[in-house]
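Fold and geometry: a report
Each chain is listed here by its residues.
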Amino acid sequence: MVSLSKGALTALALLGTSPSSLHPGGSGVALAQVVDPFDGGNLDRAIVDGDIEDPGDPTQPTESNADVKNTLIVSYTSEVGLGNVVTHVNEARAAGRRIGFRSNTKFKKPQRRNSRRSGGQGNRSGNIGSGGNRGNKFNRNNKNNRFLEDGTVIPGEELELGFAVIETSTGAESDSELVELSRLEGVSNIEHDVELTVAEVRSLRGASEVNEHVREIMEAMVKEQSNLETEFAPEHQDIDDNRRLQESTPYGITMVNVTHLWDITPKQHVKICVIDTGYDLGHPDLPNSGTTGWDTGSSSKGTWDQDGHSHGTHCAGTIGAIGNNSEGVVGVNPNPSAFSFHIGKGLSNSGSGTGSDVINAVNNCVASGANVISMSLGCSNCYVSAFDQAYQDAYDAGVLVIAAAGNSGADTDHYPSAYKTVMSVASVREGGGPGAADYGELSSFSTRNMQTEIAGPGHYVKSTVPRNKGSYGTMSGTSMAAPHVAGVAALLISHFPDCTNNQIRNAMIHSAREPPTGDWRNTPGWDKYYGWGIVNAGMAYESLDTKGCVGAGGKNPDADANETLSDQALGGKDQKTNGCISDDQCSGGNLCNGEMKCNLDTSTCYSVEGTVPDCNDGLKCTIDTCDSTKFITDITDMCVHTPMVCEDGNKCNGIYICDEDAGSCVIDEPAVNCDDDNACTIDKCITSSGQCQYTAKSCDDGNDCTLNDHCNISTGCVIADPEPFCCGNAVCESNETEGTCPVDCSDSIMTSVDTNVARYRYLGSKFNIVAKSKNITISGVGVHCILPEGTIGKVHVYTKPGDYYSGGGWYRKSTWHEVVIADVTCAGPDQITEVSFPRSLVDIEKYEKQAFSIYVLTDDIMNDYPTTRHIYHSGGRYAVYKEDSYVQIQTGSGNFCASGWCAIITPMAYSGSLNYVVVDDLPTLSPTVSPKPTTSAPTNAPTTDFPSISPSLSPTSLPSTSLVPTEFVPEVVELKTNPSGSANIVRAVYFEVTGGAAWAKITDLKVITFSTRGLQVYMKRGRAVAHENAPCSWKLVAETQPGWYGSYWKTMYPTWNGNGFTPVVVEPNEVVSFYVTITGNSYGILGKRTVDRYNYYKGSWGALEESSPVGAVMMSDGRCGEQGKLFKPCSSYHGGYGLYGGLKMETMQPGSTQAPSMAPTEPFSPGIITSPITGLTEDLREFYGVQFDVDNLGAEDVIINSFNVHIASPGTKNVEVWYRDGSHEGSFAGCNNANNWCGKWKKLVGENLNSSGNGSFTKTPDFAAIAKAGSVTSFAIVSPDSKLSSHATTPAASAASDDRLRINHATCIDDYYGNNVQTSHDLNPAQFLFEGSINYDVAHSDCAIQSKAPWTVMNPNGGSVAFEPEDEEPEVAQVVYEPEEEEGPIDEEPVDGGPVEGGGGPEEDVLME
C-alpha cells in the first residue's frame, strides 16, 4: 500500500500551463488483475522542441498539447470498487478501446472527502473549470456514499479508501469512460487530472504591474551586473568566471537568519525531498553521496538524476548547496552530512507535468522517509479532491510539505499550496538590502490568497544550475521562495526531532519577521500578501529551544479523541488559530480582529466578545472598513466609513449619484451627445465643462503629388488622384530611377544600421508596417544581427494582421503566424543579415497594418547574448519612423526574453530592412476615399462640397446615455528648463512656483542627474524667503526609491518611493515653494548659478505661455543648499541658482477647491521623567553601569535629549551613553542584545562630567535619541573610570512612569571593555532600577527632529530677507559641460506603453525596462 504526502504542487499561476505528455509508465501499485497499460502511439510520445514555448516564462501562456482531461482520477470506497475499476479497464481494452490503468493510491486510513476546502477551491463538483481541469465530472449520491455538491459528507456515507489513475486517448473517450465508470459500485468520485508547471518568473508580460516587476529585476541586476553588454537576462545572470575560487552567500540565506545556527550540532539526520524537474547529480556544489530519487520511468520525461530544465537543481541548491568548499554558493543547510536529498522527478524537462505524476512522487518521498517535501510548482484553480485527501494522508504521516504560492500577482487559488495541509510560501525581494525601507518587500508577481502562510526570498535568487548551463544562475519566483522555507523547516526538524510537522510549521509562523511596515500591503498579524511574515530561522529555533514543541508550536493531536495531524492543519490565515495552549499563541497584532485568546477546552483561538469593532454604519452608500492604525481610545476609532464615489469628474458622461436604497451608482443627468452629423468636423466633448467643441478636419495627406484633397460633409476626406510624373505618386515612371526617386522605385526600405544610432541591444523587435498606397508582398528581411563571430543563431520571423500590441494576445505565440525559422551567421554591427521567406510570403493590402515579431536566439541562450540592435525613437510607439510611397515602418518595442514574447516599454525602432514587391491594386469600393484621415488642425480651411456646419450649442436631439462613467482625463503640461552647453553641480536648491490664471496640479519633478543616488523633495505654500532653515515650514512630497540611480547628465523623472510624488495643487496666481536635496552617496544635480548675490527668487527661470492649459505658470530661480545638512541654505557668497529639469502638471476641473490646511501644531513639547534615589543604605550598589529598557507608551515619537545620572563618587568622571532599538534582553542574529558584538548599539555621547557624587544627579551632555511610538528602546549608561549607584530592588517594585515613558528595571554592567556595552554574565533586569531622570521632548510632527540641528530654527525669523548662515569662504561653483553627443532628456515611460512626449534615448549600455 502506497501512502502519500501533501505534496505542494504550487506553481506559477500565470495565464495557462505547459503541456506534459501522457504515458503508461509510473510507479503506482501493480495489480495482478491489470494487464500492462497501452504503450506507444501518440500517448507516449516525447515532448519535442516547439511543442511548448518556454513554460517557465509567464510572458508566454502556453497551450496544452497533452490533454490532462484525458486522464481520470477515480476515487473508490471499497476493495470491491477498486476491483470493479480494474475489471472495467481490462474489459474495455479487450474490446479495443484505448484505455490504461496507470497507478493506484491507497490512503493510510480511509478518508472522507474534504468538506472544508481551503480558500476558494476553484472548480466545484460538476463544473467545468479552467487551467486544464474540467472539474469533478461525477459525484455518486446514494444511500451508501452521499456527497453534497460542495463536497460535504452526508452522515452515513462510506469512507474513501484511495484513488486510481485511468488514461484514455481522446477527450471523447474520456467522457465515455467517465459515464461508464460512474455506474460502478464502490466508485464515489471522478475528476480530471491537472497540469502543473514550475513557479519561476522569467519576466512578466505587459500587465498592470509590469513596471513594478521590471523595476525589481533591474534593481537586483544593477547590484550584481559586471558586464554592461548584457542588457536583460533575468533567467541566469552574472555567471562568475571566478566562482570556483570563492564561495558567496546569497542574500536570501542572510534574510532567513540562519547562519548562526550552522555551528550548533543537530540531533537527527533529516531527509529532504525536492519534487521538480530533476537534479544535476555530480554537481560539485551539491550533495551526491546518499542522494536518491524517483522518476516516472518514461524516457520522454527524463530521469531524476538529470535536469534538462535547471529549475529543480536551482531549488535544491537553495536548500542544500555545500558550504565551506570554496565553491559557488551556500544553501540554508550547508552541511551535507546532516541531511540527504531524495529527488522526485514530478515534472519533465519542459518544466511541466501532471498532478498524478506529482502525487506518485509524493508517495515515493513519504515511503522513502522524507521529513520535508519542497515543491515549486502548481496550477491555478485546479482543485482535485482526491489529491487533497492524499496530501492529508501525507500530513498524517508526519511529513511537512511546502509549496510555492504561485506567480499570478493576483488573488488566485493556487494548488497544491492552497490545500490546507500544504504550507504556502509567498515571495519577497532584497530591495535596498538590510536596513532599507524595502528590505523584504513583497515581489509584484507573488500570488495572494487566503492560504498564504509565510514568505521567503524569491526575487533574483542565485543558486546552482546544471553544469551544462553554467553551474550557477539567478531566477525569480515563488519557486525560489519555497526552498528557503523548506530548508529552514528541515534544519529545525534536525534540532527538534520530537516536534511534529504541525508544531514545526506553527513555530515558523509564530516567529516570522514582520515585513516592511511602510508597505501598504502589510497588515499587523496575517495578511493575504505576506501571510504571517517572513521566515526567521533564528527566532523559530529560539522559540522551540526555550518554549519546547508544545509552547512554540501548539499541542499534540488528542489520540483519545481520534484527532490526527491533518485535523490541526487549517493553513493560511487560520493555521495559527488551532492547537493553542496559551493566549500568547493567538495574538496576531491586528486590533481589528479584537483581543485574541485561547479556548483551552477546544485549543482554538477566539476573539473576546466586545473587542471586535462593528464598523457597519447601516448606510449602503458608504464603504465600511477597519484600520487598526487608527486606534486611539476606543475600538470604534478604527472604523473607516468612505463615501461611495459615483462622480468621475467627466461631465460628458452625465451626473451620477449613489442610490441609498440600492447602494449603487445611478445616473442623475444624462450623458452629452456631441455628434453633429458632419463628417468634416471633429466632435469633442470637453470633460471639465460638458460642452461640445467642433474643429474642422484636415484632409491634407501631406503628399505633394495630390493637389485637390478636400472634405465631403457626408463621407469625410476625399484624397485626389496623384499628379503624373511626380516623385511620390507611388508610380515608378519612365523618367524616374531608384537613384532619383527611391520612394517610388525602390523594392526595399531600410532603417539605420549605424551603431551610433542603433545603440541598444536586445533579442529582437516587435513593430508594425502599413501598406500605404498599393498592395504589397514582403519577401524578406534584413536583420541587424550582432552575435559573436562563429556563433550560429536562429532567426524567428512571425507576423499577424493589425497592430502587434492592441487587442491583447501580443505575448501569445498562438496569435502569431510563423513565417520562417532559419539558421543565420550574423554579419555583425553596421551590417544587414539577409533572411528570405522561401515558403510563406506576407501579403498586405493597401491601407492595412501588419505586425512583425523578429528575434534571434542561440542554442546557448543561457549566455544571454544580446543578438540584435535597435534604435530609440522619442516619438513613442506607433510613430512613423521610416516610410516611402508604399511602406511605412512604425516604432515598436524591443524583445528581452528567450521565448521571444516579451516587450519593453521604451519605444524602439527596428534596425534593418524589409524587401517587398508592389502588387497590382485589388478593386475597392471607394478607391478615392481615405479610410484613415488625419485629425490635426488644418493650416487652411478645407474645401467642402457642402457648407460646413459648426454649431456653437449642443444639438437639440436627445442625448444618449452612458450607464458607466469614464474617468476624467486631465491634460498634461510640462514646464521645462534645459541647459545649453554647461551647468553647475548643485547639492540642494530652493525655488518658487507662481501659478497661472488656471488651477494646476504639479504631479512630478524632472531633474538632470549627475551621479545622483537619492533625492528628497519638500514643498510649502507661500514664499520660501525666511523659511529656508525652518524644517517645520516644509512638507516632504517625494523621496526616491532605495537603489535608484541617475548617471551623468541624464534628464529624467526619478523613480519615487511609496505612492510616488504627492501632487501639489496650485491655485491661480498662488506662490508655492520647493526645496530639493540630494541624499545618500550622491554627487549632485544640475542647475545654473546667476551672477548677482542675493538674487534669490527674483528672476524667471522658466515659464509657460499664457495660452497653455494651466496659464503662465512660472518657475523662479532660487537659492542653493549645503550637502548633508538638511534645510541649511548656502551663504550669501553664492548668487541665485536655477534648477535644470522642470515640472509636470495637470489641468484641473473648473470650480476645483482645495482642502483647508490643518492648523499648525507645535513641533514638540518638553517633558521629564524621574526614577528617584530610593532604598536603604545597606542596599546601595555600585557598578560600572546600568542597562535598561524605556517603553514609549504614547502614540507619538519621543526625542530623548539627556540623562541626569547617579554617579558614585565626586570629581571629573567620564560617562558614556549608548542606545539601541528594541529590548536589551533576548538576541538578534545569534548575538545577545545586551552585548554589542553585532554592532547594534550606537554611542550617543562620551564626555567628562563634573560629578557631585553619591546622593545627587549629574546631567549628561545633550544628544538626540528617538524612542518610537509604542516601541521599546534600550539605553546603557557606563562610567569607565568611576561607577554608577543604584539600590537593589525586587521585581515587584514599580518602575518609574508618566503618561509618555516608562523606565523598566535595569541590569547592572559588572565589567566594561569599551564598545562592548554589557558583559554581565547574569542578565537579570529585575534586581535594580535606574536611578536618575530623562529629559525628553514629545515630537508632534516629522520636522521636530530636523529642527534639532544647530543651523535650523523652530520658527522663521519673519523678515523679508532670506536667512543668512554664518559667514564662510565661498564655495567654487563646479561647472560641467554637456556631452558632445546630446541624447536628450529621458522621460519616465507611461505604464500603458504609450508614446513619450519628446525626449531622447535612454542611456546606452545600461539595463533597460
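Residues numbered from 1 in each chain as written. Predicted model: local features only at pLDDT ≥ 70, side-chain atom pairs only at ≥ 80, totals over all residues. Heavy atoms only, no water.

**Structural notes on the nonpolar core**
One finds Phe341, Ile402, Ile504 and Met508 to be the most contacted residues of the largest nonpolar core, which totals 51 residues. Breaking this core down by element, the ones donating at least two residues are strand 7 (270-276), helix 5 (311-320), strand 9 (339-345), strand 13 (400-404), strand 15 (422-428), helix 8 (478-495), helix 9 (501-510) and helix 10 (537-553). If you tally residues by element for this core, the top one is helix 8, at 10 residues. Excluding anything up to four places from it in sequence, Met508 contacts Leu400, Met423, Ile454, Val485, Val488, Ala489, Leu492, Val535 and Ala540. Core analysis: the second largest hydrophobic core is formed by 37 residues, Trp294, Cys379, Val384 and Tyr391 among them. (Core = buried A, V, L, I, M, F, W, Y, C linked by side-chain atoms within 4.5 Å. Buried < 20%, exposed > 50% of the residue type's maximum accessible area, 1.4 Å probe, protein only. Helix = DSSP H or I, 4+ residues; strand = E, 2+ residues; numbered from the N terminus. Contact = heavy atoms within 4.5 Å.)

**Topic: the packing of helix 1 (residues 79-94) against helix 2 (residues 171-182)**
The angle between the axes and the distance between the axes are what describe a pair of packed helices. Where helix 1 contacts helix 2, the two axes come as close as 11 Å, and the packing angle between them is 140°. As the angle between them shows, helix 1 and helix 2 are arranged oblique. Crossing geometry of helix 1 relative to helix 2 is assigned as right-handed. When helix 1 is examined against helix 2, the residues Val85, His88 and Ala92 are found in contact with a partner set consisting of Glu177, Glu180 and Leu181. Each residue belonging to the contact of helix 1 with helix 2 can be placed in one class, and the counts come to 3 nonpolar, 1 polar and 2 charged. (Axes fitted to C-alpha atoms, helices over the stretch in contact; angles between N-to-C directions. Parallel < 35°, antiparallel > 145°, perpendicular 65-115°, else oblique. Left-handed = near helix turned anticlockwise from the far one by under 90°. Nonpolar A, V, L, I, M, F, W, Y, C, P; charged D, E, K, R; others polar.)

**Some remarks on the pattern of salt bridges**
Tallied over the full model, the rule gives 25 salt bridges. Note that Lys106 and Glu79 form a salt bridge whose closest N and O atoms lie 2.5 Å from each other. A residue pair is termed long-range when its members are at least 10 positions apart, and Lys106 in strand 2 (residues 99-111) and Glu79 in helix 1 qualify at 27 residues. For the salt bridge of Lys597 with Glu595, the shortest nitrogen-to-oxygen distance reads 3.3 Å. Owing to a relative accessible area of 26%, Lys597 belongs among the partly exposed residues under this scheme. Salt bridges sharing partners connect three or more residues here, namely Arg97, Glu177 and Glu180. (Salt bridge = Lys/Arg side-chain N within 4 Å of Asp/Glu carboxyl O.)

**Some points on the packing of aromatic side chains**
All chains considered together, the criterion is met by 31 aromatic pairs. Taking 6.1 Å as the distance between ring centres and 85° as the angle between the ring planes, the aromatic pair formed by Phe1188 and Phe1203 counts as edge-to-face. Here Phe1203 lies in strand 62 (residues 1198-1205) and Phe1188 lies in strand 61 (residues 1185-1192), a separation of 15 residues in the sequence. Each member of the pair, Phe1188 as well as Phe1203, is classed as buried. When the ring centre of Tyr1053 is taken as reference, the NZ or CZ atom of Lys1144 above it lies at 4.4 Å. (Phe/Tyr/Trp six-rings, centres within 6.5 Å; stacked < 30°, edge-to-face > 60°. Lys NZ or Arg CZ within 6 Å of the ring centre and 35° of its normal.)

**Structural notes on helix 7 (residues 385-396)**
The terminal C-alpha atoms of helix 7 lie 17 Å apart, and with 12 residues this matches the ideal 16 Å at 1.5 Å per residue to within 8%. Judged by how many residues are buried, helix 7 sits mostly within the fold: 11 of 12 residues are covered. Within helix 7, the full set of buried residues consists of Ser385, Ala386, Phe387, Asp388, Gln389, Ala390, Tyr391, Gln392, Asp393, Ala394 and Tyr395. Looking one or two residues beyond helix 7, the residue adopting positive phi is Gly398, at roughly 95°. (Expected span 1.5 Å × (residues − 1).)

**A word on the confidence of the model for the chain**
Per-residue confidence for the chain gives a mean pLDDT of 75; residues scoring 70 or more make up 76%. A low-confidence stretch, residues 1-66 (pLDDT under 50), is modelled with 261 contacts involving residues beyond four sequence positions or located in other chains. Every residue in residues 1380-1409 scores below 50 in pLDDT, and together they form 96 contacts with partners more than four places removed in sequence or on other chains. (pLDDT = per-residue confidence, 0-100.)

**What to know about the pairing of strand 32 (residues 775-783)**
Here is the key point about a regular strand: its side chains alternate between the two faces of the sheet. By the criterion of burial, strand 32 is predominantly enclosed, with 8 of the 9 residues buried. Two strands pair when backbone bridges link them, and strand 32 and strand 43 (residues 912-919) are joined in this way by 8 bridges, in the antiparallel orientation. Residue pairing across strands places Gly782 opposite Ser913, the latter belonging to strand 43. Strand direction decides the pairing type here: strand 32 and strand 35 (residues 833-836), joined by 4 bridges, are antiparallel. (Pairing = 2+ DSSP bridges.)

**Considering the packing of helix 8 against helix 10**
Contact geometry for helix 8 and helix 10: axes closest at 10 Å, N-to-C directions at 25°. When the axis of helix 8 is compared with that of helix 10, the two are roughly parallel. Between helix 8 and helix 10 lies a crossing whose hand is right-handed. Contact residues: Val488, Leu492 and His495 in helix 8; Ala537, Ala540, Tyr541 and Leu544 in helix 10. For the contact of helix 8 with helix 10, a count of residues per class yields 6 nonpolar, 1 polar and no charged.

**Digging into unusual backbone geometry**
Omega for the peptide link from Tyr415 to Pro416 comes to 15°, which places this bond in the cis form. On the secondary structure map, Pro416 appears in the loop between strand 14 (414-415) and strand 15. If you check the backbone angles, Asn562 has positive phi at about 60° while not being a glycine. We classify Asn562 as exposed; its relative accessible area is 64%. Phi is positive for Asp830, which is not a glycine, with a value near 65°. Considering the arrangement of structural elements, one finds Asp830 in the loop between strand 34 (817-825) and strand 35.

**Observations concerning the environment of Asn768**
Looking at the secondary structure, you find Asn768 in strand 31 (residues 764-771). For Asn768, a relative accessible area of 0% gives the class buried. For Asn768 and Gln888, which are 120 residues apart along the polypeptide, the C-alpha to C-alpha distance reads 8.4 Å. Here the side chain of Asn768 touches Asp803 through a polar contact of 2.5 Å, side chain to side chain. (Polar contact = N/O pair within 3.5 Å; in protein donor to acceptor, adjacent residues only side chain to side chain.)

**Points about the sheet that holds strand 10 (residues 352-354)**
What the 4 strands build is an open sheet, ordered 10-6-12-14; its pairing is antiparallel. Looking at the sheet topology across the chains shown, the edges are occupied by strand 10 and strand 14. One ladder, built from 3 bridges, connects strand 6 (residues 195-198) with strand 10; its direction is antiparallel. Directly across from Glu195, in strand 10, lies its bridge partner Thr354.

**Examining the sheet that holds strand 42 (residues 908-910)**
Strand order in this open sheet of 3 strands is 30-38-42, and the pairing throughout is antiparallel. The strands lining the two open edges of the sheet, one partner per strand, are strand 30 (760-762) and strand 42. The mean angle between the axes of side-by-side strands here comes to 50°, regardless of whether they run parallel or antiparallel. Taken together, the 3 bridges between strand 30 and strand 38 (residues 868-872) define a ladder with antiparallel strand orientation. Counted as the bridge partner of Tyr762 is Thr868 from strand 38.

**Remarks on the state of the cysteines**
Per the counting criterion, the structure on display carries 18 disulfides. Here Cys646 connects covalently by a disulfide to Cys665, the sulfurs 2.0 Å from one another. Across the S-S bond linking Cys646 and Cys665, the dihedral sits near -85°, which makes this disulfide left-handed. One end of the pair, Cys646, is in the loop between strand 22 (639-643) and strand 23 (655-659); the other, Cys665, is in strand 24 (residues 664-669), with 19 residues separating them in the sequence. (Disulfide = S-S within 2.5 Å.)

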